[in-house]
Amino acid sequence: MDWDERVERAHYVEAGLWSYKFNQCRGVPLTTWVSTFRGGMSCTLDEDSCGQARGGNNASHPSEYHFPVPTVIAWGVAADNPLGLGPFIIADFIEGESLVAILKEPESEILRSDLSDDDLDTIYRQIANIMLQLSKLNFPRIGSFSEMGDGSVTIDSRPVTLRAHEIVSHAGVDVLFSLASLILVSSLPGSTSTTYSLATEYFHSIAKQDQQHLCEQLNSVDDEDDAKRNCSSRRLGGFCSKDPTPGAARIRIPCLTGIKGYFERFVRALEEEEKRRRGGELAAMTQEGAAQELSNLMRQSMADDKFWFNELIYSSFDGPDSMPWVQLRAMIPHLDDLATVSEAEVGDFVKMKIEP
């Protein structure tokens, strides 16, 4: 599915206007305002700023993590910003170099060819260490952080994800807040207080977001045949959301899936970090425990190709001919027969999308 070019242009203009306003505020106006937050601030937040700010503060305890997490100093919604720059988060600056600058060829998505093996192993070990620490976090529900009256943090609001923001930014469809009447969606993704106890429940909500996205993006289909195929594939996405594998669901396989050598190198680094964290005592690990280690889960997911289920859930613009769908159809014969859409539903959808 293509992006909506009109939405892209609108965002481009809005970004330009914001940059112009920001440049006007740089210097005395900005520094004077920021200096007022030395003691921190509490206020009512919008969902995105709220989750990021409270999550950052919750993750900055030095006894729990051994990687740099910026301390959030202040945050607020657009109404709290007298400079007119919108919602904000003010946090400590962490010195360092972006991995993008280190790993990628300039103006390309390709891994740099002149990167030494030692540098790559060092980077992989650092990433593996952070992944292992994050994988040990356990929360009672799937959702976003909220702050209680006594200052404690809980999870009682829905997930606000990058995926949902990408649909808003590139398709002009607000899958979190839209109240439109949908043909393919039996119920909306949920209210602001919706959280999930199971990963399967959350994956179903993503499938509903995808169906809403298809219905509401104005240029989501090219013609009648494309409308029929997308209608079927998005319904099938609801079926596929039942089957993601535990390992890839907790930690998405890094963007090494097309390069098996790099994937193996990363998993070896992950195995080394797992062994180091256990103190090197391999004999103390039960067979069941070893099977649940991230390195084994990721290796198994790559071996049986089930990580494609998670790639499908991760992306928001995959059409029926995209790589995840091609690979899943190759893996599961007659996949399209597993979740059918009635002719009446398809007809209603085609009529809504194609006919004036």
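One can find the structure itself at the top, above this paragraph.
Residue positions within a chain follow its written sequence, with the count starting from 1. Local features are withheld for residues below a pLDDT of 70 in this predicted model, meaning they are given only at 70 or higher, and side-chain atom pairs are given and counted only at 80 or more; totals for whole chains, interfaces and linings count all residues. Values reported for side chains reflect all heavy atoms of the structure, with hydrogen atoms and water molecules removed beforehand.

Visitor: Can you help me understand the overall build of the protein in this one?
Guide: The helix and strand tally for the protein stands at 15 helices and four strands. Counting every position in the protein, which comprises 356 residues, the buried fraction comes to 37%. For this analysis, residues touch if any pair of their heavy atoms sits within 4.5 Å. Contacts in the protein between residues far apart in sequence, at least 24 positions, make up 67% of those at least 6 positions apart. For the protein, the accessible area works out to roughly 20400 Å², and carbon and sulfur atoms hold 54% of it. Labels follow the DSSP assignment, with helices taken as runs of H or I lasting at least four residues and strands as runs of E lasting at least two, numbered in each case from the N terminus. For every residue, the accessible area obtained with a 1.4 Å probe (protein chains only) is divided by the maximum for its type, and the residue is called buried under 20%, exposed over 50%, and partly exposed between those limits. For the accessible areas, the method is Shrake-Rupley and the probe is 1.4 Å, while residue cover comes only from the protein chains on display.

Visitor: How do you make sense of the side chain of Glu273 when you look at a structure like this?
Guide: Mapped onto the elements of the fold, Glu273 is located in helix α10 (residues 260-277). Of the residues examined, Glu273 reaches a relative accessible area of 8% and is grouped as buried. Excluding residues that lie within four positions of it along the chain, Glu273 makes contacts with Arg125, Ala128, Asn129 and Leu132.

Visitor: Where do I start with the nonpolar core in this structure?
Guide: If you look at soluble globular proteins, the nonpolar side chains tend to sit buried side by side. Formed by 24 residues in total, the largest nonpolar core has its most connected members in Tyr124, Leu270, Met298 and Leu328. Going through the elements one at a time, α5 (117-135), α10, α12 (294-303), α13 (307-314) and α14 (323-331) are the ones with two or more residues in this core. To qualify as a nonpolar core, a set must consist of buried Ala, Val, Leu, Ile, Met, Phe, Trp, Tyr and Cys residues joined through side-chain atoms within 4.5 Å.

Visitor: I'm lost on the environment of Val175 in this one. Help?
Guide: Looking at the element boundaries, Val175 is found in the loop between α6 (162-171) and α7 (199-216). Remark: the alpha-carbon pair of Val175 and Asp210, spanning 35 residues in sequence, is separated by 8.3 Å.

Visitor: Before we go on, may I ask you to explain the packing of α6 against α7 in this structure?
Guide: When two helices pack together, their arrangement is given by the angle between the helix axes and by the axis-to-axis distance. Relative to each other, α6 and α7 sit at 5°, their axes nearing to 11 Å. On the basis of their axis angle, the class for α6 and α7 is roughly parallel. Contacts from Arg163, Ala164, Ile167 and Ala171 in α6 reach Ile206, Gln209, Asp210 and His213 in α7. Here the contact of α6 with α7 is composed, by residue class, of four nonpolar, two polar and two charged. Every axis in this analysis is a line fitted to C-alpha atoms, fitted for helices over the stretch in contact. Angles between the N-to-C directions lie between 0 and 180 degrees. Here roughly perpendicular refers to angles of 65 to 115 degrees, roughly parallel to angles under 35, roughly antiparallel to angles over 145, and oblique to all remaining angles. Any residue outside Ala, Val, Leu, Ile, Met, Phe, Trp, Tyr, Cys, Pro, Asp, Glu, Lys and Arg is labelled polar, Gly included; the first ten of those are nonpolar and the last four are charged.

Visitor: Got a minute to help me understand the packing of aromatic side chains in this structure?
Guide: Both the distance between ring centres and the angle between the ring planes are used here to describe each pair of aromatic rings. The aromatic pairing rule takes the rings of Phe, Tyr and Trp, using the six-membered ring of Trp, and pairs them if the centres are within 6.5 Å, calling planes under 30 degrees apart stacked, those over 60 edge-to-face and the rest tilted. With the rule as written, the count across this model stands at seven aromatic pairs. Chaining the aromatic ring pairs together yields one cluster made of Tyr196, Tyr202 and Phe203.

Visitor: So what exactly am I meant to see when it comes to the environment of Arg163 here?
Guide: Mapped onto the elements of the fold, Arg163 is located in helix α6. Residues Arg163 and Gln209 lie 46 residues apart in sequence; the distance between their C-alpha atoms is 9.9 Å.

Visitor: How should I be thinking about the state of the cysteines in this particular structure?
Guide: Put plainly, two cysteines are in a disulfide when a covalent bond ties their sulfur atoms together. Disulfides are defined as pairs of cysteine sulfur atoms found within 2.5 Å of each other. Counted according to the given criterion, the structure contains zero disulfides. There is no disulfide at Cys215, and the cysteine sulfur nearest it, in Cys231, is 7.8 Å away. Looking at Cys215, the relative accessible area reads 9%, which means it is buried.

Visitor: Sorry, what's going on with the pattern of salt bridges here?
Guide: Side-chain pairing between opposite charges can occur once the charged atoms of the two side chains come close. We count a salt bridge whenever a side-chain nitrogen from Lys or Arg sits within 4 Å of a carboxyl oxygen from Asp or Glu. Summed over the entire model, instances satisfying the criterion amount to 12 salt bridges. With a shortest N-O distance of 2.8 Å, Arg163 and Asp210 are connected by a salt bridge. Of this pair, Arg163 sits in helix α6 while Asp210 sits in helix α7, and the two are 47 residues apart along the sequence. For Arg276, the salt bridge goes to Glu273, with nearest N and O atoms at 2.7 Å. Taken as a pair, Arg276 and Glu273 lie in helix α10 at a separation of three residues, close to a single helical turn. It is possible to trace a salt-bridge network through shared partners that takes in Asp117, Asp121 and Arg265.

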